[in-house]
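The primary structure of each chain is shown beneath.
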Amino acid sequence: MKKRILALFMAAILALPATGCTMKINENIVEEAKGTQSSIKDSFNAAKKDHQETQGQQETDAGQSDAEKEEVRYQDDYYEFVNQNLLSKIELAATDAHWDWFGELSAVVSSEMDEIIEELANDGKTYEKGSSEQKIKDMYECVTDMENRNETGLGPLKPHMDSIRNASNIEEYVDALAQLSGEFGFSSIVGGYSIMQDKADSSEYAVYMMYADTLIGKEYIEGENTQEYVSLYLDYINDMLMEFGMSADEAAQSTDSIEELLRDICASTLTTEQMYDPALTYNVYTEQELQNLYTNIDIPKMLKTLRVDGQDKYIVMDVEQAKKINSLLVEENLQALKDYSTFVMLNDTAKYANAAYAKLSDDMKNALYGITESWGDEKTWKDLTQDLLPWDFGMIYVEEHFSAEDKESVEEMIELILKEYETIINRQEWMSEATKKKAIRKLETMQVKIGYPDKWPAARDMMQVTPISEGGSLLSNLLVSMQVAIDDSLNKLGTKVDRSEWDVTPQTINAMYDPLNNEIIFPAAILQAPFYDSDNSYGANLGGIGFVIAHEVSHAFDSSGALYDEYGNYNVWWTDEELAEYQKMSQSIVDYYSNYEMMGIPVNGELTLMENIADLGAMTCITSIIGDDAGALDEAFGQMTYNWASVDTASFMTYLLNTDTHSPNKIRVNAVLSSCDAFYQIYNIKETDGMYVAPEDRVGIWK
Ligand SMILES: [Zn+2]
């Protein structure tokens, strides 16, 4: 599970992944999206016309109560104005935390996959062993057989749990963690590792010593507006430990000591935005240096258990955190450390475990996101089945849903956008000719992945499902999938990176830029309305999929991406003066976004910097392509705004503001448009309007 999250973490994604929050399925809304361009234009024009009429009336009806005339003007709040019709139709169900197009389309994809599961579960047939059909059937049976799940308990993890619980000193405790990490990839305090592309030479793999698991995360632990959620989380820890068998007193005491450790570790942990900075996270250590860092661990022994001994280098992701953890690995903390790792293991497996753990975990997630009603077993089971066999469902998805024609149109648009960035880079006065050449080289060599992989990942074939009739269980099959991920990555260590591999499934509604491959990725599922629609106008598709593409390309030059060269290597190719100028512009962007707020909570300009740079760059690119065609600009602005419509519970918005590297959708739209000169030209925005920002205060790296 963690491997996949890590792979995504390395890439800059377009939007919050839909996993983890539940979505409402609303077929009508999706149908409407297919006719987005005409409907948006009509509603937009109608709204503009209404507005002018109302304004006229207001002038003559001065003195009349204006309570019912409190309508939104596009000059004051473009996002609200464009989306008011759509948003008035979206009502979050009790099972939902969030609505946006990404989630909506994911829910549709997911319900199609659910139908496939349903058919296979009931067709009474047997398929060839190892076929996707048989794997789905067998997995679904394991997921839904609660009796089997309750009987399995911790299953093959039980001996590992016992080793942690029975450790009588730090050495035994670290050994137990290393065994668990080496065999299944679970990690808590120390011993977590990942084999990923080497940032200094992205054609090779390297071993990364990963962060400790900080549970609800540094941002929540230290946030001013998040302490109520932290106490909910502490209650959850307490409940899980009691379910595990501790008495109320023991659980309360353990929860206190876990909290103390957690706050201590978080104080020495990088912030989310710092985790994207290779200057902070790419720290090369030899085995001996690693031993000097972790004086309280037998490093050669641990690396051997992890099966990654004998490497020339190990990359430590967070040196300060590592130092802190080393200092905590002393006998007086032994019980607290054991409790911490016990909880992490229970938490990591809760979704797959017996009914009681699964419910506690589900309730916690719901409380965190502001969801008041659970999806219910059946949907949860089908989602789990899909999560456990992502590539098998991916193959089924592309068979049914991929058009070569759409791929071609999108390829053409990518070419247009890459060309435009070249023009934009060439007109930058603050960049030297030599640096411009390097930037353009990065565009020319950018790899493009659209749709689905030519060759399906080896992990798909390696992942086999053992049915209940042959002794399998949900947990044992989950563990197999984790072992497959480890074996797959160990097989890769020492080989050349195959850059044609995909980390993202085709049914994912998202898009990515991966700096280590200098590549943009558009899974098959994003190539649909409202993001892309072959019936849409040129302007609307530029504001739709065009904006998405331009956003991803722009990540090649965001505050993190700019530090990698055309080969995907961490290699600063800017002069000191250019870098200083870049940082000055970045600071203005941080300040600019920090002035925006949602629910009275200011946007974290630092956390969202990379994504804001990408949004601002994308808008420069799109408007630069369109030029002064007011009609096409109007359509592009409208479509982009429509695509970013969203509704959130207050708790989910708090979650986003604290952890998401993207600004909230409304701000993604309004802040970008308020910094876009073309927006002022076509709508005649005045100083007194809400959207107005003085020309000297407008921000962006690319002008
Ligand atoms: Zn992005």
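Here's what I pulled together on the structure shown here. (Residues numbered from 1 in each chain as written. Predicted model: local features only at pLDDT ≥ 70, side-chain atom pairs only at ≥ 80, totals over all residues.)

1. Structural notes on the overall build of the protein chain
Each helix and strand counted, the protein chain has 31 helices and twelve strands in total. For 703 residues, the compact-globule estimate of 2.2 N^0.38 gives 27 Å, and the C-alpha radius of gyration of the protein chain, at 26 Å, lies within 12% of that figure. By principal-axis analysis of the C-alpha atoms, the protein chain measures approximately 80 × 60 × 55 Å. Burial statistics for the protein chain: of 703 residues in total, 46% are counted as buried. (Helix = DSSP H or I, 4+ residues; strand = E, 2+ residues; numbered from the N terminus. Rg over C-alpha atoms; globule rule 2.2 N^0.38 Å. Buried ≥ 20, exposed ≤ 12 C-beta atoms within 10 Å, placed from the backbone.)

2. Notes on the sheet that holds strand 4 (residues 205–209)
A sheet is described by the order of its strands in space; here four strands give the open sequence 3-4-6-5, paired in mixed fashion. A single partner strand is all that each edge strand has here, and the edge strands are strand 3 (193–197) and strand 5 (283–285). Adjacent strand axes in the sheet meet at a mean angle of 40° when their direction is disregarded. In the sheet, strand 5 pairs with strand 6 (residues 314–316) via three bridges, with the strands oriented antiparallel. Looking at the pairing, Val284 lines up with Ile315 of strand 6. (Pairing = 2+ DSSP bridges. Axes fitted to C-alpha atoms, helices over the stretch in contact; angles between N-to-C directions.)

3. With respect to the environment of Asp634
Tracing the backbone through its elements, the reader meets Asp634 in helix 28 (residues 630–643). Given 21 C-beta atoms within 10 Å, Asp634 falls into the buried group. With 271 residues separating them in the primary sequence, Asp634 and Asp363 have C-alpha atoms 44 Å apart.

4. Examining the pairing of strand 9 (residues 519–523)
Among the five residues in strand 9, five count as buried, and that is most of the element. The side-chain alternation of strand 9 yields two buried faces, one formed by Glu519, Ile521 and Pro523 and the other by Ile520 and Phe522. With five bridges connecting them, strand 7 (residues 447–451) and strand 9 associate as parallel partners. For Gln447, the partnering residue across the bridge sits in strand 9 and is Glu519. Relative to strand 9, strand 8 (residues 512–514) runs antiparallel, the two sharing three bridges. From the neighbouring strand, Asp514 faces strand 9, where its bridge partner is Glu519. Counting the residues in the hairpin turn of strand 8 and strand 9 gives four residues, including Asn518, whose phi is positive at 40°.

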